[in-house]
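The chain contents come next:
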Amino acid sequence: MKKKLQLIEVALADAGYTSTTLKMEGNVCDVRTDDDEQFSILLYERSIKRMHDDYFSLSADGFKSACGCECKWIANIYGNKACSLVALDTYDFESVDEWGDAVYTYANPLADA
């Protein structure tokens, strides 16, 4: 878990945040910044082979889960080697799966890394 927190801290710094407190509860990381801003991040573990994919998708259930946890961000942890952050509400397009449920697709910030 310590490695995941370190990866999240680096990704937050890259996004311009200076975090002072990171606290994990299950797959949610609560963040408090130096500016006293507070928000939560929902973590997903993905295969390191997927780290440079152009896009990643989040199911309707995953999106609802993030909203239910009041998460502002999604963090993808790739094999405990890299972390990408995207704001939950910044998906690039919405589609539907074979059951008619929404699928939210995001550009992967690590695609060109």
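The structure contained in this document is the topic of the report that follows. Here the residue numbers are simple positions, counted from 1 along each chain's written sequence. Where totals are concerned, whole chains, interfaces and linings use all residues; where local detail is concerned, this predicted model gives features only for residues with pLDDT of at least 70, and gives and counts side-chain atom pairs only at 80 or more. Each side-chain value is derived from all of the structure's non-hydrogen atoms; neither hydrogens nor water enter the calculation.

## Overview of the sheet that holds strand E4 (residues 55–59)
Moving on, step 1. Taken together, the three strands give an open sheet; going across it, the order is E4-E8-E7, and neighbouring strands pair in antiparallel fashion. Bordering the open sheet on either side are E4 and strand E7 (93–96), each of which pairs with just one other strand. Averaged over all pairs of adjacent strands, the angle between strand axes in this sheet comes to 30°, irrespective of strand direction. Strands are labelled as partners when DSSP assigns at least two bridges between them. In this description a helix means any DSSP run of H or I spanning at least four residues, a strand means any run of E spanning at least two, and both kinds are numbered starting from the N terminus. Lines fitted to C-alpha atoms define the axes here, with helix axes fitted over just the stretch in contact, and angles between the N-to-C directions of these axes take values from 0 to 180 degrees.

## Section: the pairing of E4
Moving on, step 1. Burial along E4 is one-sided: the residues Phe56 and Leu58 are buried and none of Tyr55, Ser57 and Ser59 is.
Moving on, step 2. In this structure, E4 lies alongside strand E8 (residues 102–107), joined through five bridges in antiparallel fashion. In the strand pairing of E8, Ser59 is matched with Val103. The buried label applies to any residue whose accessible area, calculated with a 1.4 Å probe on protein chains only, is under 20% of its type's maximum; exposed applies above 50%, and partly exposed to all values in between.

## A few points about the side chain of Asn108
Moving on, step 1. Structurally, Asn108 is set in the segment after E8.
Moving on, step 2. Of the residues examined, Asn108 reaches a relative accessible area of 6% and is grouped as buried.
Moving on, step 3. Among all residues touching Asn108, those that are not within four sequence positions of it are Arg50, Met51, His52, Asp53, Asp54, Tyr55, Phe56, Tyr78 and Ser84. Note on definitions: a residue-residue contact is assigned when non-hydrogen atoms from the two residues lie within 4.5 Å.

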